[in-house]
Amino acid sequence: MKLDLLKKLIKEAVKEAVREELETILSEDTKPVQAPKQTVTKYAEYRPVVARPVATGNPIADLMNETKYSMTQGEYQSMISATSDMVQAPGLGMQPIAGNFRQGPEPGLDISQFDFMMRAGDVYKASVQKDKERFGA
């Protein structure tokens, strides 16, 4: 009998525990579910970093640099209709026709004074002659 009494006590304890849990589960279902609060982070308006011109000491160059750095690409394109063939740089575009306006020595090395340059014409002629002998022309 003790075994039957123990089984009966366990069954009653389990039933009571299940009833209590069912009450809490069922009461949770009837309560409206609240959505979690969402925090909205507001950011400041994006402003790109603007480079500042470096002072050169030349007032005209400084003004040009300030203009360059203050213009957007759209403003530049609407104002300037330049193409790459308008570039005037050493070795590009128009070159002065009437002589050299440069004062002083030219930059670079004058190789025309070296002895191997004196023989360059002879070397070229010999190479042409060998090509004619070799390939016939």
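Undergrad: Requested: an account of the overall build of the protein, with residues and values cited.
TA: Secondary structure assignment for the protein yields five helices and zero strands. The N-to-C order of helical and strand elements in the protein reads α-α-α-α-α. Within the protein, the proportion of its 137 residues that are buried is 1%. Put simply, the protein shows about 14200 Å² of open surface, and 60% of that area lies on carbon and sulfur atoms.

Undergrad: Please provide a residue-by-residue account of a negative patch on the surface, values included.
TA: A cluster of acidic residues, Glu 12, Glu 16, Glu 20, Glu 21 and Glu 23, forms a negative patch at the surface. Note on placement: Glu 21 falls in helix 1 (residues 2-30).

Undergrad: Lay out helix 5 (residues 120-135) in plain terms, naming residues and giving numbers.
TA: Relative to the 22 Å expected for 16 residues at 1.5 Å per residue, helix 5 spans 22 Å between its end C-alpha atoms, a close match to the ideal helical length. Among the 16 residues of helix 5, zero are classified as buried, and the element is accordingly described as predominantly exposed. Residue Gly 136 follows helix 5 closely and has a positive phi angle near 65°.

Undergrad: Now, about a nonpolar patch on the surface: what can you tell me, with residues and values included?
TA: A surface patch of nonpolar side chains, about 730 Å² in accessible area, is lined by Leu 3, Leu 6, Ile 10, Val 14, Val 18, Leu 22, Ile 25 and Leu 26. Looking at the secondary structure, you find Leu 22 in helix 1.

Undergrad: Break down a positive patch on the surface for me, citing the residues and quoting the values.
TA: A grouping of Lys 7, Lys 11, Lys 15 and Arg 19 is seen on the molecular surface, where their side chains present a positively charged patch. Its location among the elements puts Lys 11 in helix 1. Overall, Lys 11 belongs to the exposed group, its relative accessible area being 56%.

Undergrad: Go over the confidence of the model for the protein with me, naming the residues and quoting the values.
TA: Summing up the model confidence of the protein, the mean pLDDT is 76 and the portion of residues at 70 or higher is 72%. No element of the protein has a lower mean pLDDT than helix 3 (residues 73-79), at 73, and none a higher one than helix 5, at 88.

Undergrad: Got a sec to walk through helix 2 (residues 59-70)? Specific residues and values, please.
TA: Between the first and last C-alpha of helix 2 there are 16 Å, a value that for twelve residues agrees with the 16 Å anticipated at 1.5 Å per step. Counting buried residues along helix 2, only one of its twelve residues qualify, which leaves the element largely exposed. The distance from a side-chain oxygen at the start of helix 2 to the backbone nitrogen of Ile 60 is 3.2 Å, and the residue carrying that oxygen is Asn 58.

Undergrad: Describe the side chain of Asp 62, listing the residues and the values that go with them.
TA: Examined against the element boundaries, Asp 62 turns out to sit in helix 2. Discounting chain neighbours no more than four positions away, the residues touching Asp 62 are Val 54, Ala 55, Thr 56 and Gly 57.

Rules used in this analysis
- Residues numbered from 1 in each chain as written.
- Predicted model: local features only at pLDDT ≥ 70, side-chain atom pairs only at ≥ 80, totals over all residues.
- Heavy atoms only, no water.
- Helix = DSSP H or I, 4+ residues; strand = E, 2+ residues; numbered from the N terminus.
- Buried < 20%, exposed > 50% of the residue type's maximum accessible area, 1.4 Å probe, protein only.
- Areas by Shrake-Rupley, 256 points an atom, 1.4 Å probe, with all protein chains shown as cover.
- Patch = residues over 30% accessible without salt bridge, like charges linked within 9 Å, V, L, I, M, F, W, Y side chains within 5 Å.
- Salt bridge = Lys/Arg side-chain N within 4 Å of Asp/Glu carboxyl O.
- Lys, Arg positive; Asp, Glu negative; His and termini not counted.
- Charge placed at Lys NZ, Arg CZ, Asp CG, Glu CD.
- Expected span 1.5 Å × (residues − 1).
- pLDDT = per-residue confidence, 0-100.
- Polar contact = N/O pair within 3.5 Å; in protein donor to acceptor, adjacent residues only side chain to side chain.
- Contact = heavy atoms within 4.5 Å.

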